[in-house]
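Architecture and fold: a report
The lines below spell out each chain.
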Number of protein chains: 2
Amino acid sequence: MDFVTAVTTDGGADYVEPANRIAVFDNDGTLWSEQPMYVQLAFALDRVKTLAPDHPEWKETEPFKSVLAGDMKGVAAFGIKGLVEIVAATHSGMTSDEFTAIAKDWIASATHPTTGKPYTSMIYQPMRELIDYLKANDFRVFIVSGGGIEFMRPWTEVTYAIPPENVVGSSIKTKYEMHDGKPAVVRLPEIEFIDDGAGKPVGIQKFIGKRPIAAFGNSDGDFQMLEWTTGGEGRRFGLIVHHDDADRDVAYDRDSTFGKLDRGLDDGPRQGWTIVSMKNDWKQVFPE
Amino acid sequence: MDFVTAVTTDGGADYVEPANRIAVFDNDGTLWSEQPMYVQLAFALDRVKTLAPDHPEWKETEPFKSVLAGDMKGVAAFGIKGLVEIVAATHSGMTSDEFTAIAKDWIASATHPTTGKPYTSMIYQPMRELIDYLKANDFRVFIVSGGGIEFMRPWTEVTYAIPPENVVGSSIKTKYEMHDGKPAVVRLPEIEFIDDGAGKPVGIQKFIGKRPIAAFGNSDGDFQMLEWTTGGEGRRFGLIVHHDDADRDVAYDRDSTFGKLDRGLDDGPRQGWTIVSMKNDWKQVFPE
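You'll find chain A entered in an unreviewed UniProt entry as Phosphoglycolate phosphatase-like HAD superfamily hydrolase, with Aurantimonas endophytica given as the organism.

Topic: the interface of chain A and chain B
Every contact between the two is made by 36 residues of chain A and, on the other side, 36 residues of chain B. Summed over both partners, the interface of chain A with chain B comes to about 3,000 Å²; 52% of that surface belongs to carbon and sulfur atoms. A per-residue breakdown of the area chain A buries against chain B is headed by Glu165(A), Tyr176(A) and Lys206(A), which together make up 22% of the total. There are 10 salt bridges connecting chain A and chain B. Across the salt bridge formed by Lys182(A) and Glu233(B), the nearest N and O atoms sit 3.7 Å from each other. Linking chain A with chain B are 20 residue pairs in polar contact (both at pLDDT 80 or more). Taken together, the elements giving at least two residues each to the side of chain A that touches chain B come down to helix 6 (96-109), strand 2 (140-148), helix 8 (149-160), strand 3 (167-179), strand 4 (182-193), helix 9 (199-207) and helix 10 (223-230) of chain A. Here the residues of the side of chain A that touches chain B are counted per class, giving 16 nonpolar, 6 polar and 14 charged.

What about the packing of helix 9 of chain A against helix 10 of chain A?
All names here are of chain A. In the contact formed by helix 9 and helix 10, the axes pass within 7 Å of each other and the chain directions differ by 55°. Classified by the angle their axes make, helix 9 and helix 10 are oblique. Residue-level contacts link Lys200, Pro201, Ile204 and Gln205 of helix 9 to Gln224, Met225 and Trp228 of helix 10. Across the contact of helix 9 with helix 10, the residue classes tally to 4 nonpolar, 2 polar and 1 charged.

With respect to the nonpolar core
Phe25(A), Met127(A), Phe25(B) and Met127(B) are the most contacted members of the largest nonpolar core, which has 145 residues in total. With 8 residues, helix 2 (residues 39-51) of chain B is the largest single contributor of residues to this core. Apart from the residues lying within four places of it in its own chain, the contact partners of Met127(A) are Phe25(A), Thr30(A), Leu31(A), Phe216(A), Leu239(A), Val241(A) and Trp282(A). Among the nonpolar cores identified, the runner-up in size contains 11 residues, and Leu45(A), Val48(A), Phe64(A) and Val75(A) belong to it.

Side note on the packing of aromatic side chains
Following the criterion strictly, the structure yields 38 aromatic pairs over all chains and no others. Judged by centre distance (6.2 Å) and plane angle (50°), the rings of Phe3(A) and Phe139(A) are tilted. In this pair, Phe3(A) is assigned in helix 1 (residues 2-8) and Phe139(A) in the loop between helix 7 (125-136) and strand 2, connecting sequence segments 136 residues apart. Exposure class is identical for Phe3(A) and Phe139(A). Each is buried. Among the aromatic side chains, those forming a connected cluster through ring pairs are Trp32(A), Phe43(A), Phe99(A), Trp106(A), Tyr119(A), Phe151(A), Trp155(A) and Tyr160(A). The residue whose ring lies beneath Arg187(B) is Phe99(B), and the NZ or CZ to ring-centre distance is 3.9 Å. If you follow Arg263(B) out to its NZ or CZ, it ends over the ring of Phe223(B), 3.7 Å from the centre.

What counts and how
The written sequence of each chain sets the order in which its residues are numbered from 1. Naming scheme: in the order in which they are written, chains are lettered from A and ligands are numbered from 1. Restriction of local features to residues with pLDDT of at least 70 applies here, the model being predicted, together with a cutoff of 80 or more for giving and counting side-chain atom pairs; totals for whole chains, interfaces and linings are based on all residues. The basis for every side-chain value is the complete set of non-hydrogen atoms in the structure, without hydrogens or water. Residue contacts are counted whenever heavy atoms from the two residues lie within 4.5 Å of one another. Here the quantity called buried area is the total loss of accessible area, with a 1.4 Å probe, experienced by two parts when brought into contact, counted for both. The term salt bridge refers to a pairing of a side-chain nitrogen on Lys or Arg with a carboxyl oxygen on Asp or Glu at a separation within 4 Å. Nitrogen and oxygen atoms within 3.5 Å of one another constitute a polar contact, given that in protein one can donate a hydrogen and the other can accept it, and given that sequence-neighbouring residues count only through two side-chain atoms. Helix and strand definitions here come from DSSP, where helices need a minimum of 4 consecutive H or I residues and strands a minimum of 2 consecutive E residues; each element is numbered from the N-terminal end. Any residue that is not Ala, Val, Leu, Ile, Met, Phe, Trp, Tyr, Cys, Pro, Asp, Glu, Lys or Arg is counted as polar, Gly included; the first ten are nonpolar and the last four charged. Angles shown run from 0 to 180 degrees and are taken between the N-to-C directions of axes, each axis being a line fitted to C-alpha atoms and, for helices, limited to the stretch in contact. Roughly parallel covers angles under 35 degrees, roughly antiparallel covers those over 145, roughly perpendicular covers 65 to 115, and oblique covers all other angles. In this description, a nonpolar core means a group of buried Ala, Val, Leu, Ile, Met, Phe, Trp, Tyr and Cys residues linked to one another through side-chain atoms lying within 4.5 Å. Burial classification: accessible surface area is computed with a 1.4 Å probe over protein chains only, and a residue below 20% of its type maximum counts as buried, one above 50% as exposed, and the rest as partly exposed. To pair, rings of Phe, Tyr and Trp, with the six-membered ring standing in for Trp, must have centres within 6.5 Å; the planes then decide the type, stacked if under 30 degrees apart, edge-to-face if over 60, and tilted in the middle. In this scheme, Lys NZ or Arg CZ marks a charge over a ring once it lies within 6 Å of the ring centre and within 35 degrees of the ring normal.

Take a look at the structure:
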């Protein structure tokens, strides 16, 4: 609030004109839950099961075999390569409109394995309020996530009031084609861009074209985004949400598979970033 | 105006909620002049001359040799490959902030070879007014251009009231690095994406994430953008600016090197697109 007051006070030393009031938010672990796994990974695994009847060969082909057997350790053993194969099989081969419909339908019906709630209810209420507070102060708010840009866009407008054009994420290659005389943008089985870690400043420059003045994250995948944002001239703000609340959510940081926070805990304070303790600082975690 | 009235009339059959009122504009030849060549090509050629003292080898290396000799036919003979080499040499090797400063300085001082005016005065006044008209009706307006995204962003906010985040264009690869302890996004000599022709719907989906309902172009490089935009459900609008005014501007279409308009003249009307005759339809071409 001190930061927002400083940059919005006309005539103040730290005043920033509205055109330059840009805030970026990580999604997984910052705006919504990323435990027990990234929601998009749960989506991909569900898609493997849904598509399995069309792929009898998957019963004998890894990593699909492990996915269908519910063997997560087995899936993890195939590392990044296995993940890319799962993503390619579940996220490509259809048009952009078809994928949007698939993702939209899934998010409307899927439930969190621990709480039984819709994933769009597993959002962090204080961060949701922060988005509104920034917008009320003429900030433009963007999501900058390692998650799939087209996985997020079907629901981020309703859930966070962040429209598709303000979502920056990872992507696969696409191609424009005519299908039965109708134009279509088709999704190809080829990774185009990973918007994580050092990729986040690249994605920010490419999609937004201005350096943000405020950045919000929760893991080491957000380090460079915070470093890039707070490394600019003038008044800046960086914040890390530390998942230290085992009662109301899941407590995780340095040793987590998803959303590991290690360097950020050590270097963040040194950089002048605010480290939020969910346990001590948040009155409420999830929406009612 | 009929279109805008139809999509903004609450309760009307063609009503479109503000969130979906997205308009896309080509830049070269639609918003500003692209004759005698793309402005960005003039920029690249000027940069070759500016950088030449640091590159004595260019005196004997093509296509730089032809550029320095002012031999445009010679440059053209090297085709796309030559152009890519010129772009790589003049558009990479510096940080994003440095390139922004270079482009900004150049556009502030460079003048059109025929009129002697700044390039930012060679904009098409009716299109400039159209941007304001659409924004007054709650449209979000984007540029979708084959030109360099980072060449356009330094001046499109002042010239067209279109902020950097609303500019979609071609790009080279970039990388995040630390330079003397300061974070930088560095421009690499590798083409990343060409936002032209069939690339425009790809760029639109990637950067905007929603299909526009109105598209404005002037050449065959805009065909797929118009086709994609007007191919959607509901009330749509597509327009092609036909450069047929030899008195007040340059007349060109089917045979032009820059901004060739051939298929659009034949198929546009069939598609229901408005073909604007600059000669007959425009009271004024450039700003006073």
